[in-house]
Amino acid sequence: MTHLNHLKRKQIAIVISGLMANMVFSVAMAADADGTPAADGKNVTSLTDVNVQSQRNPEAVARAQQETAPNLINVTTAEEIRKLPDVNAGEAVRRLPGISLETDTGEGRFVNIRGLDADLTSTTFGGVRLPPTNTASPFSGGRAVAFDTIPAGMIGSITVTKTNTPDQDAEALGGTIEITPKTLAPGQSAFLDGKLGGGKELMRQSGVSDVSVSGGTRFGFGSSDPASGLTSYSDKPFSFVGSYSRYEDNRGVDDLEAGYASDGGTTADPKTYSSLQQRYYNYHRTRYGVGGELTFEPDANNKWYVRYYDSGYTETVNRQALNASFPGTATRNADGSITESGVTYSKALRDEHETISSQVFTIGGKDTLGETKVDYHLAHTKGSDNRPYDQNSTFTNPTSATVTYNNIANPNLPQYSVSGLNPADPNGYTLSNFNNTSVLTQTTEWSAAANVSTPTHWTSAQDEEFKFGTSARLRKNDNIVTPTTYSSVPGLALINAISGSPITYYDGTYQNGFNINKAVIDNLVAQGAGFVQNTAADALSAAAQRTHNTEDVFAAYLQEQMTFGKLGLLAGVRVENTRAQYDGNAVAGTVITPVSNSSNYTNFFPTLQARYELAPKTIVRATYSSTIARPGFNQTSAATTIDTGNNIVTTGNPNLKPTLSDNFDLSFEHYLEHAGIVSFGVFDKAMTDYVIGNVSFQNLPNTGPYAGLPGNTEVISFTNAASARARGFELNYEQRYSFLPSILSGLGTSFNWTYVDSSVMIRPGETTKLPSTSRNSYNAAVFWERGGLDLRLATYYTSRNLLGVGATGSQDIYSEARFSADFGASYQVAKNYGLFLTVKNLTNTPMKFTEGTSDRVIQRETYGKTVEAGATFNF
């Protein structure tokens, strides 16, 4: 190597620091004072330039969109998403600053923005609000979009808006995530790109297949010279873009779950088990996405389109469990272990089929009338969760055992020994219970919107635009649950219903015995002999869970955007009127009483957002915005279930108020060459009437539906906390070290860190962090890009957060901290073809939930690594 001068040695030292800490503030050295260079050497100075260059330099496009936006946003593109093993929209968006991800079954599902739970996040697809799909959102709000239903192959770009403008729905307390489908760029006559991959889930050595393809073309009546590039509107006024994606896997999950005899806050031993469940899962999931857009653009001033997209997944679940039930006679031994006699065992099979889907149909247009621009659309969306069957079979063994266990030395992997019984031996187990439940939850929405913008000259501003508009959203939500239970079942011996070989799972730690044969159970149920259904009780249960809700939101807004030299201002106000009705049933004993509640309220949402250019590529922003989070249908449900036997009342709260928030942001952004950035921002969200789960004990009147309750009844519901707060900062750094010599010029690092300090009163006199809010979350990556080869190692971390609110602090449920790492590699073999290799979950990161304290583990499941390889094409 040739001798390096002092400057080069200093540059290399900076890179090493970045690789180690992923925080390099070398603004002076790497600043691009002349603008972000495009592929052709021209500077990107407007969004028009950005769009034209989008096919050549997508990373620069995304960064330029962020830089020129009047409000605070982050953007990622399909090209960036493809560099790592992110299979759905949630996993892709979590790489952006301020985002944390909630996972389930080994995949990202719900997205939190700045720590606020997923029910407070707005999600749109092509500008149309998406309905919820998976109702099991973190805090039963039922408004969160499940991002695992949206394949990565359907995405053109994702934009996260953190400070909403008046022309956006105000129901975005956390923020708005816009998923934009793939499109033809201006001047582009056609494109075709795709991915063909396959691999393995290493835990079960099961296969993975991954196919996605998108293409678009312009067509019409004439025939322009292909060599001329952009065809005229009259020649090819039509265009079509279509996408198809299919990802299929057979994921295994090893899960260990525990219940505790003590609530952790009493004098009883807090580590004594009430139950221990060894759960061995096999999932078969097929995620799909299909859709397209047909556009007619006869000239530069008029454009009309029709768009349809359908995405989701179909999944079967086979869960084999060995369950221990502890009677509460535990004795603590001198070595710290616990011994308990009278422990009984059961074997169980869960056999479930589920289809979750999200559909969007939109028809709309854009017209230019002189200097005035008009855009409008009419849309219909549907989100559904359909489980035609969820069958659960339980075999019990009457012989009890003595169990000695130690869950102190390693709470994650408790060790135990059993005497008096071999729980894994199928002999002695007999079918004792069978039940089946079908569920259909569906949300549909009609929406329409129209916007008008026109230049104005009311002030001395160089650029000035007035915009106004109106919109309406009409939403319906239905939840239909059909339970089937039996008071008597055939006495099938487990030895006659097993398959395969005995299962050892959790990295060889636990014996689970033989799997229960699904086909034997299906045949037994089909025959019907020996089953006696609880028809009356099932009807009551179905009525208690049946709900029908409507929610209509009507909105209008005004906003003015202007530029005074280096200062840009956006100000305006939005007004939204909400009309909702919640229908359900109150069930007490054998009495079903229809109940209905309604609400009608109007809110105003002012905003003022300032953007100041300190220097070329250096921006300061200061914003005030206001947003709303409406209570979820599950939270406002009029349905009430009264369990006199256990003295429990479960009910929604139709009187819940919406959560309102005043939001303040201040940020500094410096844009580096080659799509780099250094930015730091602080934020503060002051909320009123925050909705939170509530468990209380009440002396309800012993009359009417509450007759028979003994008093001091446990009431599970929801309430409004008077106030809540979330404040913190975001740090974002990304740089490509192209100034380094030779091979080192391909190096780059990225790092973003979000810190959130939040508070809410969850019980009288008791304040804690907001639910789902991790105090710290970060992404860090090291990558190398040169000569068509791209290598990157990316890590993600989120700290402990509150998952569920109990009656006391010792019964609160927490999601423990997670750290994960992924690897991606790709090589462009030729101009239009490439190869890739990815490894997901290098660290085999578990999902772990605890109760009260971190050593009271109630669930810990692992998924193993996923390896995939394949080819890409792009024309």
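Residues numbered from 1 in each chain as written. Predicted model: local features only at pLDDT ≥ 70, side-chain atom pairs only at ≥ 80, totals over all residues. Heavy atoms only, no water.

Asks: Outline the overall build of the protein chain, supporting the account with residue identities and numerical values.
Replies: Within the protein chain, the secondary structure is distributed over nine helices and 42 strands. Here the protein chain has a C-alpha radius of gyration of 29 Å; the compact-globule value for 875 residues is 29 Å, and the two agree. Along the first, second and third principal axes, the C-alpha set of the protein chain runs to 80 × 70 × 55 Å. When each of the 875 residues of the protein chain is scored for burial, the buried share is 55%. Across the protein chain, contacts joining residues at least 24 apart in sequence account for 71% of those joining residues at least 6 apart. Approximately 34600 Å² of the protein chain is accessible, and the part contributed by carbon and sulfur atoms is 56%. Treating the 68 positive side-chain charges of the protein chain as one cloud and the 83 negative ones as another, the clouds have centres 4 Å apart. (Helix = DSSP H or I, 4+ residues; strand = E, 2+ residues; numbered from the N terminus. Rg over C-alpha atoms; globule rule 2.2 N^0.38 Å. Buried < 20%, exposed > 50% of the residue type's maximum accessible area, 1.4 Å probe, protein only. Contact = heavy atoms within 4.5 Å. Areas by Shrake-Rupley, 256 points an atom, 1.4 Å probe, with all protein chains shown as cover. Lys, Arg positive; Asp, Glu negative; His and termini not counted. Charge placed at Lys NZ, Arg CZ, Asp CG, Glu CD.)

Asks: An account of the pattern of salt bridges is requested, with residue identities and associated values reported.
Replies: Counted under the stated rule, the structure contains 64 salt bridges. Among the ionic contacts, a cluster of salt bridges with common partners joins R129, R143, D169, E171, E445, R473, R475, E551, R574, E576 and R630. (Salt bridge = Lys/Arg side-chain N within 4 Å of Asp/Glu carboxyl O.)

Asks: Tell me about a nonpolar patch on the surface, and please be specific about residues and values.
Replies: There is a patch of nonpolar side chains on the surface, built from L192, L196, V211, V213, Y244, V290, Y827, V829, Y833, L835 and F875 and spanning about 940 Å² of accessible area. Mapped onto the nonpolar patch, the elements with two or more residues apiece are β8 (190–201), β9 (206–219), β38 (818–830) and β39 (833–840). With respect to the helices and strands, V213 occurs in strand β9. (Patch = residues over 30% accessible without salt bridge, like charges linked within 9 Å, V, L, I, M, F, W, Y side chains within 5 Å.)

Asks: Describe the pairing of strand β6 (residues 157–161), and please don't skip the residues or the numbers.
Replies: Across the five residues of β6, five count as buried, placing the element largely inside the fold. With burial as the criterion, each face of β6 is covered, one bearing S157, T159 and T161 and the other bearing I158 and V160. Relative to β6, strand β1 (residues 73–77) is paired through five bridges, and the arrangement is antiparallel. Residue I73 lies in a different strand from β6, and its bridge partner there is T161. Bridge analysis of β6 against strand β7 (residues 175–180) gives five bridges, and the strand direction is antiparallel. The residue bridging T159 from the neighbouring strand is E178, located in β7. (Pairing = 2+ DSSP bridges.)

Asks: Before we move on, can you summarise helix α7 (residues 518–527) with the specific residues and values?
Replies: In an α-helix there are 3.6 residues to a turn, and that puts residues three or four apart on one side. N-cap assignment for α7: the residue whose side-chain oxygen lies 2.9 Å from the backbone N of A519 is N517. After α7 finishes, the residue G528 shows a positive phi value of roughly 80°. (Polar contact = N/O pair within 3.5 Å; in protein donor to acceptor, adjacent residues only side chain to side chain.)

Asks: Before we move on, can you summarise the sheet that holds strand β4 (residues 121–125) with the specific residues and values?
Replies: Paired through their backbone hydrogen bonds, the strands of a sheet run either parallel or antiparallel. Within the open sheet, the five strands sit side by side as β1-β6-β7-β4-β5. Their pairing is mixed. Two strands lie at the open edges of the sheet, namely β1 and β5 (128–129), each paired on one side alone.

Asks: Explain the packing of aromatic side chains to me, and be specific about the residues and the numbers.
Replies: For the structure shown, the criterion picks out 28 aromatic pairs. Relative to Y797, the ring of Y778 lies with its centre 5.3 Å away and its plane at 25°, an arrangement referred to as stacked. Of this pair, Y778 sits in strand β34 (residues 776–786) while Y797 is found in strand β35 (residues 789–798), placing the two residues 19 residues apart along the sequence. What makes Y778 partly exposed here is its relative accessible area of 24%. According to the relative accessible area criterion, Y797 is partly exposed, its value standing at 23%. (Phe/Tyr/Trp six-rings, centres within 6.5 Å; stacked < 30°, edge-to-face > 60°.)

Asks: Kindly report on unusual backbone geometry, identifying the contributing residues and their values.
Replies: Negative phi is the rule for most residues except glycine; trans is the rule for most peptide bonds. Its identity as a non-glycine residue notwithstanding, A675 has a phi of 65°, on the positive side. Tracing the chain through its elements places A675 in the loop between β29 (659–672) and β30 (676–698). For A675, a relative accessible area of 5% puts it in the buried group. One non-glycine residue with positive phi stands out, namely N712, at about 50°. Looking at the secondary structure, you find N712 in the loop between β30 and β31 (713–736).

Asks: Got a sec to walk through the nonpolar core? Specific residues and values, please.
Replies: Ranked by internal contacts, the top residues of the largest apolar core, which has 43 residues, are F326, Y345 and F395. The biggest single contributor to this core is strand β12 (residues 273–299), with five residues. Setting aside residues up to four positions removed in sequence, F326 forms contacts with Y273, S274, S275, L276, E340, V343, V403 and Y405. In terms of nonpolar packing, the next biggest core, distinct from the first, is built from 26 residues, I99, F125, L130 and V145 among them. (Core = buried A, V, L, I, M, F, W, Y, C linked by side-chain atoms within 4.5 Å.)

Asks: I'd like to hear about the environment of N549, residue by residue, with values.
Replies: Structurally, N549 is set in strand β23 (residues 547–564). For the pair formed by N549 and N597, sequence separation is 48 residues and the distance between their alpha carbons is 9.7 Å. For N549, the residues in contact, after removing those within four places along its chain, are R475, K476, N477, Q581, Y582, D583 and F633.

Asks: Summarise the side chain of T149; cite the residues concerned and give the values.
Replies: Assignment of secondary structure puts T149 in the loop between β5 and β6. According to the relative accessible area criterion, T149 is buried, its value standing at 1%. Only 2.7 Å separates the side chain of T149 from the backbone oxygen of A146, close enough to count as a polar contact. Look past the residues within four positions of T149 in its chain and what remains in contact with it is T133, Y288, S311, G312, Y313 and I356.

Asks: How would you explain the environment of T459 if you had to name every residue and give the values?
Replies: Along the polypeptide, T459 turns up in the loop between β18 (430–455) and β19 (463–488). The sequence separation of T459 and G242 amounts to 217 residues, and the corresponding C-alpha distance is 45 Å. If sequence neighbours within four positions are ignored, T459 has contacts with E464, M562 and F564. Looking at T459, its side chain comes within polar contact range of the side chain of E464, at 2.9 Å.

Asks: Pulling in residues and values, what's your account of the environment of A794?
Replies: Looking at the secondary structure, you find A794 in strand β35. By relative accessible area, which is 5% here, A794 ends up buried. In this structure the C-alpha to C-alpha distance between A794 and F751, which are 43 residues apart in sequence, comes to 9.6 Å.

Asks: Now, about helix α8 (residues 535–545): what can you tell me, with residues and values included?
Replies: Of the residues making up α8, those classed as buried are D538, L540, A542, A543 and A544. Of the surrounding elements, those touching the buried residues of α8 are β19, β22 (532–533), β24 (567–588), β25 (591–615) and β27 (640–643).

Asks: Break down the side chain of N302 for me, citing the residues and quoting the values.
Replies: One can find N302 in strand β13 (residues 302–325). With residues up to four places along the chain from it excluded, the contact list for N302 reads F296, E297, K366 and D367.

Asks: Tell me about the pairing of β24, and please be specific about residues and values.
Replies: Pairing analysis gives 17 bridges linking β23 to β24, with the strands arranged antiparallel. Its bridge partner lying in β24, D552 is registered against R579. Counted between consecutive antiparallel strands, the loop separating β23 from β24 contains two residues, among which G565 sits at a positive phi close to 65°. In the sheet, β24 pairs with β25 via 22 bridges, with the strands oriented antiparallel. Bridged to N585 within β25 is P594. Connecting the antiparallel pair β24 and β25 is a turn made up of two residues, with G589 showing a positive phi of about 65°. Pairing between β24 and β27: three bridges, direction parallel. Paired with A588 across the two strands is I642, which belongs to β27.

Asks: Please provide a residue-by-residue account of the confidence of the model for the protein chain, values included.
Replies: A residue-level look at the protein chain finds 91% of positions with pLDDT of 70 or above and a mean pLDDT of 89. In the model, residues 1–55 has pLDDT below 50 throughout and makes 92 contacts with residues more than four positions away in sequence or in other chains. The model gives residues 224–231 a pLDDT under 50, and that stretch makes five contacts with residues more than four places away or in other chains. (pLDDT = per-residue confidence, 0-100.)

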